[in-house]
Amino acid sequence: MSAPDLLYSEVEEDLRANVRRLLRDRCDWTAVLARCETDEPYDLALWRTLAGELGLASLLVSEELGGAGASTRELSVVAEEIGRSVAPVPFLSNLLTTATLVACADEPRVRELLPQFIDGSRLGTVAVGLTTVPYSAFPQSVKAEGTALSGSVSAVVDLEVADYVVVPAVDADGAALYLVDASVSGVSRSATTPLDLTRRFGTITLDRAVGERIASGADAERILRQALVTTAGLLAAEQVGLAQKCLDVTVEYAKTRYQFGRQIGSFQAIKHRLADLWAGVSSARAVARNAADTLARGDDETELAVAIAQAYCSDLVVLAAEEHLQLHGGIGMTWEHPAHLYLGRAKSSQLAFGIADHHRQRIGELADLPMP
């Protein structure tokens, strides 16, 4: 195992600047809040710009398959900016879908569709619950008879805007992955009232819906597990971006808000809380960066790095959002303030792909520590 590179390269900083500039121009929090109150909570025009014009959806795809041939290091920088802006775009489902389909690229149908996912003209998701732990057993809720799939999966992220769904199913040969057109007969979708207004999920029900098998057996189990591990690792970067945003905004507020003739940031109780949060965000950045770097190198300790990142970042981001809300006082409790957007995204991401306890247990297993 080589030493991790936790620093950001010049190319990565340039990428960050471009993404941040676009999100600042088209996705400030007032626009996000206004969109949450409409019937179109997703900004798909923004996603097509991010995916197609900036090429962000192609970062994980090799040049041979028409992608940018980048790595999780660059994608983690994008994830930080998506988290920082709580952008209402199907970023998480795209990560999951791309990571899955790239591993199935030998299938002609996947090669045909992959360019459309890359340019943002088609959207996809994977039919696993948002709380699915990457190290859990292969899902069993969908059965396949020939090409007909039946069953249901709840809490599927970004389901309402997906054109295609990769469905883990069990068929005569065991575990398998099927690619399903979400518009075919036998597919129904129902939305779930979300905690995070900027990232929705729902239940997909399949009643003998026709799908095309793109992986089977041990390959299907390995591909799904690796896609979940990759997405969980990059989710840690998104959590870091959101936590940093909460810290930055709160520090700025503490400098300009006066009580008893003084800036509230001059009170020791406020300073200590912000200093503790700064230390937490700095540590979170280190473990998330290590996960992205380890994923990029395909290191043997990838699962350990991702488990450490999620065990730390998923709780830290909620703490940052709570501190942001509380230190803003009464104004932070109002609908017109973005604090609830940050808290909703933080709490939702805390539950995604395993809570901290699940990842701590995995760390113990990988490090051969005695279990309680």
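All of these numbers come straight from a predicted model, not from anything done at the bench.

K.L.:
Can you walk me through the UniProt feature "domain: Acyl-CoA dehydrogenase/oxidase C-terminal" (unreviewed entry) in the protein in this structure?
P.N.:
UniProt records the feature "domain: Acyl-CoA dehydrogenase/oxidase C-terminal" (unreviewed entry) for residues 226-365 in the present numbering. This span, residues 226-365, is 79% helix and 3% strand, and a straight line between its end C-alpha atoms measures 18 Å.

K.L.:
I tried to follow the domain arrangement of the protein on my own but got confused; where do I start?
P.N.:
Often, the extent of an interface is quoted as the loss of accessible area on bringing the components together. When cut into domains, the protein gives domain 1 (10-122), domain 2 (125-219) and domain 3 (221-367). Of all residues in domain 2, P134, Y135 and R199 give up the largest surface area on contact with domain 3, accounting jointly for 32% of the area buried on that side. At the boundary of domain 2 and domain 3, one finds 3 salt bridges. Residue R222 pairs with D219 through a salt bridge whose shortest N-O separation is 3.5 Å. Counting across the domain 2 and domain 3 interface gives 11 residue pairs in polar contact (both at pLDDT 80 or more). When contributions to the side of domain 2 that touches domain 3 are tallied by element, the ones reaching two or more residues are strand 5 (174-181) and helix 7 (217-256). Take the side of domain 2 that touches domain 3: its biggest share by element is 3 residues, from helix 7. The residue makeup of the side of domain 2 that touches domain 3, split by class, is 15 nonpolar, 4 polar and 3 charged.

K.L.:
It is not clear to me how the UniProt feature "domain: Acyl-CoA dehydrogenase/oxidase N-terminal" (unreviewed entry) in the protein should be interpreted in this structure. Could you clarify?
P.N.:
On the UniProt side, "domain: Acyl-CoA dehydrogenase/oxidase N-terminal" (unreviewed entry) is annotated at positions that read residues 10-120 here. From the first C-alpha to the last, residues 10-120 spans 26 Å; its make-up is 65% helix and 0% strand.

K.L.:
What am I meant to see in the packing of aromatic side chains here?
P.N.:
By convention here, two paired aromatic rings are described through the distance between centres and the angle between planes. This model, assessed by the stated rule, comprises 1 aromatic pair. Aromatic pair F117 and Y164: ring centres 6.1 Å apart, planes at 75°, arrangement edge-to-face. Taken as a pair, F117 in helix 6 (residues 108-118) and Y164 in strand 4 (residues 164-171) lie far apart in primary sequence, 47 residues in all. Across this residue pair, the class does not change: F117 and Y164 are buried. A cation over an aromatic ring shows up here: R16 above the ring of Y8, its NZ or CZ 4.7 Å from the ring centre.

K.L.:
Looking at this structure, how should I read the pairing of strand 3 (residues 148-157)?
P.N.:
Pairing of strand 2 (residues 142-145) with strand 3, which is carried by 4 bridges, proceeds in the antiparallel orientation. Opposite A144, over in strand 3, you have L149 as the bridge partner. Inspection of the sheet shows strand 3 paired to strand 7 (residues 201-210) by 8 bridges, in the antiparallel sense. By the bridge assignment for strand 7, V153 is matched with I204.

K.L.:
Could you clarify how one ought to interpret the pairing of strand 4 in this entry?
P.N.:
The side chains of a regular strand alternate, first on one face of the sheet and then on the other. The buried fraction of strand 4 is high, at 8 of 8 residues. Burial along strand 4 is two-sided: Y164, V166, P168 and V170 facing one way and V165, V167, A169 and D171 facing the other are all buried. Both strand 1 (residues 124-126) and strand 4 contribute to a ladder of 3 bridges, which runs parallel. Along strand 4, the bridge assignment pairs T125 with V165. Sheet topology note: the strand 4/strand 5 ladder contains 8 bridges and is antiparallel. Bridging across to strand 5, Y164 finds its partner in D181.

K.L.:
Explain the pattern of salt bridges here, please?
P.N.:
Proximity of charged atoms lets side chains of opposite charge pair with each other. Inspection of the entire model under this criterion finds 26 salt bridges. R35 is paired through a salt bridge with D43; the nearest N and O atoms lie 3.9 Å apart. A residue is classified by how much of its surface remains accessible, and R35, at 24% relative accessible area, is partly exposed. Given a relative accessible area of 11%, D43 falls into the buried group. Residue D299 pairs with R297 through a salt bridge whose shortest N-O separation is 2.9 Å. For R297, a relative accessible area of 30% gives the class partly exposed. Salt bridges linked by common partners bring D5, E12, R73, R289, D293, R297 and D299 together as one network.

K.L.:
Mind showing me how you'd approach unusual backbone geometry here?
P.N.:
Glycine aside, negative phi is the norm for most residues, and most peptide bonds take the trans geometry. Positive phi values are uncommon outside glycine, yet R208 reaches one of about 55°. Counting through the fold element by element, R208 comes out in strand 7. The residue F353 is not glycine, and still its phi comes out positive at about 55°.

K.L.:
Quick question: what am I supposed to make of helix 4 (residues 72-85) here?
P.N.:
Given 3.6 residues per helical turn, the α-helix brings residues three or four places apart onto the same face. Given a rise of 1.5 Å per residue, 14 residues ought to cover 20 Å, and the 20 Å separating the end C-alpha atoms of helix 4 matches this to within 8%. Looking one or two places after helix 4, you find V86, whose phi comes out positive at around 40°.

Cut-offs applied
- Residues numbered from 1 in each chain as written.
- Predicted model: local features only at pLDDT ≥ 70, side-chain atom pairs only at ≥ 80, totals over all residues.
- Heavy atoms only, no water.
- UniProt positions renumbered as here; feature names shortened; annotations may be inferred.
- Helix = DSSP H or I, 4+ residues; strand = E, 2+ residues; numbered from the N terminus.
- Domains from an automatic or database assignment.
- Buried area = accessible area lost by both parts, 1.4 Å probe.
- Salt bridge = Lys/Arg side-chain N within 4 Å of Asp/Glu carboxyl O.
- Polar contact = N/O pair within 3.5 Å; in protein donor to acceptor, adjacent residues only side chain to side chain.
- Nonpolar A, V, L, I, M, F, W, Y, C, P; charged D, E, K, R; others polar.
- Phe/Tyr/Trp six-rings, centres within 6.5 Å; stacked < 30°, edge-to-face > 60°.
- Buried < 20%, exposed > 50% of the residue type's maximum accessible area, 1.4 Å probe, protein only.
- Lys NZ or Arg CZ within 6 Å of the ring centre and 35° of its normal.
- Pairing = 2+ DSSP bridges.
- Expected span 1.5 Å × (residues − 1).

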